[in-house]
Amino acid sequence: MKARAGAVVFTAFSALGLLAALTLTIERIKLLEDASYVPSCSLNPVLSCGSVMVTKQAALFGFPNPILGIVAFSVALVAGVLLLGRIELPHWFWLGMSAGLLLGEVFIHWLIFESLYTINALCPYCMVVWTVTMPLFVLALSRLITRENPGTVGRLFLEWRWTLLAVWYAIVIALIGIRFSDYWASLF
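Attention shifts here to the packing of helix α4 (residues 91–119) against helix α6 (residues 152–179). Between two packed helices, both the angle of their axes relative to each other and the distance between the axes serve to describe the pair. At a minimum axis separation of 10 Å, α4 and α6 run at an interaxial angle of 20°. The orientation of α4 with respect to α6, classified from their angle, is roughly parallel. Considering the relative orientation of α4 and α6, their crossing is left-handed. Two secondary-structure elements touch here, α4 through Glu105, His109, Ile112, Leu116 and Tyr117 and α6 through Trp168, Val172, Leu175, Ile176 and Arg179. Grouping the amino acids of the contact of α4 with α6 by side-chain chemistry returns seven nonpolar, one polar and two charged.

In structure tokens:
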């Protein structure tokens, strides 16, 4: 039952990430077509995709970052669907998926830092990507660890993974709360 629940979560979060990446790409194309276009995710001075999309950080490799998300989440979604179909994927696949998600986490956390301290705005669709990538990494790493004879560190990770994920979320939420505390306070 646990494997099935993990497959459902992996598939659902991959689909959400893909939807967010597709939406960001469409919004970016609309902004390129019409500089006066206001993206649907530009809600206020802090939650503003438009101000994030026009930065150099939003196209770090020379094309919009969400294109990376479309590719990565498509691969993850296919893996999730295969898991739902009870198709066991090989060790090398989970090794590659875990490595790819780790690189994604490094990139996302750089983007979180840039959003908070350089751009000074948050993109709601980007935050969806941040939110779903973290558990995808935890789930992929869990599958990788359970395929081998886990050592002490592997067993500890498997036992504490959801607590670690909750702490990880709490740290990011706290950073957002602290960074924009003046704005949040002005709303009340």
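This paragraph deals with the nonpolar core. The biggest cluster of nonpolar side chains holds 39 residues, and the ones touching the most others in it are Phe10, Phe73, Trp94, Met97, Leu122, Trp130 and Ile176. Put simply, the parts of the chain that give this core at least two residues each are α1 (2–33), α3 (66–84), α4, α5 (124–147) and α6. Top element by residues in this core is α5. It accounts for 12 residues. Contacts of isoleucine 176, omitting those with residues within four sequence positions, involve Leu116, Leu122, Met127, Trp130 and Trp184. Listed in part, the nine residues of the second largest apolar core include Cys41, Cys49, Ala121 and Cys123.

Residues Leu60, Phe61, Phe63, Ile67, Leu68, Val71, Val75 and Trp110 make up a contiguous nonpolar surface patch of about 670 Å² in total accessible area. When you line up the elements, phenylalanine 61 lands in the loop between α2 (49–53) and α3.

It is worth spelling out the state of the cysteines at this point. In total, this model carries one disulfide according to the counting rule given. Between cysteine 41 and cysteine 49 runs a disulfide, and the two sulfur atoms are separated by 2.1 Å. Around the S-S axis, the bridge from cysteine 41 to cysteine 49 shows a dihedral of about -135° and counts as left-handed. Residues cysteine 41 and cysteine 49 agree in their burial class; the two are buried.

Here we take up α6. Maximum bend of α6: about 65°, positioned at tryptophan 160. Taken together, the buried positions of α6 are occupied by Gly154, Phe157, Leu158, Arg161, Leu165, Val172 and Ile176.

It is worth spelling out the packing of α1 against α3 at this point. The interhelical angle for the contact between α1 and α3, taken along N-to-C directions, is 155°, at an axis separation of 8 Å. Taken together, the axes of α1 and α3 lie roughly antiparallel to each other. The way α1 lies across α3 gives a crossing that is left-handed. The residue inventory of the contact of α1 with α3, partitioned by class, reads 18 nonpolar, seven polar and one charged.

The subject of this paragraph is the pattern of salt bridges. Enumeration over the complete set of coordinates arrives at one salt bridge. As a salt-bridge pair, arginine 143 and glutamate 88 come within 3.9 Å of each other at their nearest N and O atoms. Of the two residues, arginine 143 sits in helix α5 while glutamate 88 sits in the loop between α3 and α4, which places them 55 residues apart along the sequence. Accessibility expressed as a relative area gives 54% for glutamate 88, which makes it exposed.

Relative to the helices and strands, threonine 11 is located in helix α1. Residue threonine 11 is classed as buried on the basis of its relative accessible area, which comes to 12%. At a separation of 2.9 Å, a polar atom in the side chain of threonine 11 contacts the main-chain carbonyl oxygen of glycine 80. Residue contacts for threonine 11: discarding those within four places in its chain leaves Leu77, Gly80, Val81 and Leu84.

With 19 residues, α3 should cover 27 Å at 1.5 Å per step; its first-to-last C-alpha distance of 26 Å lies within 8% of that length. Looking only at α3, the buried set comprises Pro66, Gly69, Phe73, Ala76, Ala79, Gly80 and Leu83. Relative to the axis of α3, the buried residues are bounded by an arc of 135° and lie together on one face. Among the exposed residues of α3, those pointing more than 90 degrees away from its buried face are Val71 and Val78. Backbone geometry just downstream of α3 places arginine 86 in the positive-phi region, at approximately 60°.

How each quantity is defined
Residues numbered from 1 in each chain as written. Predicted model: local features only at pLDDT ≥ 70, side-chain atom pairs only at ≥ 80, totals over all residues. Heavy atoms only, no water. Axes fitted to C-alpha atoms, helices over the stretch in contact; angles between N-to-C directions. Helix = DSSP H or I, 4+ residues; strand = E, 2+ residues; numbered from the N terminus. Parallel < 35°, antiparallel > 145°, perpendicular 65-115°, else oblique. Left-handed = near helix turned anticlockwise from the far one by under 90°. Contact = heavy atoms within 4.5 Å. Nonpolar A, V, L, I, M, F, W, Y, C, P; charged D, E, K, R; others polar. Core = buried A, V, L, I, M, F, W, Y, C linked by side-chain atoms within 4.5 Å. Buried < 20%, exposed > 50% of the residue type's maximum accessible area, 1.4 Å probe, protein only. Patch = residues over 30% accessible without salt bridge, like charges linked within 9 Å, V, L, I, M, F, W, Y side chains within 5 Å. Areas by Shrake-Rupley, 256 points an atom, 1.4 Å probe, with all protein chains shown as cover. Salt bridge = Lys/Arg side-chain N within 4 Å of Asp/Glu carboxyl O. Disulfide = S-S within 2.5 Å. Bend = angle between axes of the 7 residues up to and from the residue. Polar contact = N/O pair within 3.5 Å; in protein donor to acceptor, adjacent residues only side chain to side chain. Expected span 1.5 Å × (residues − 1). Arc of directions from axis to C-beta.

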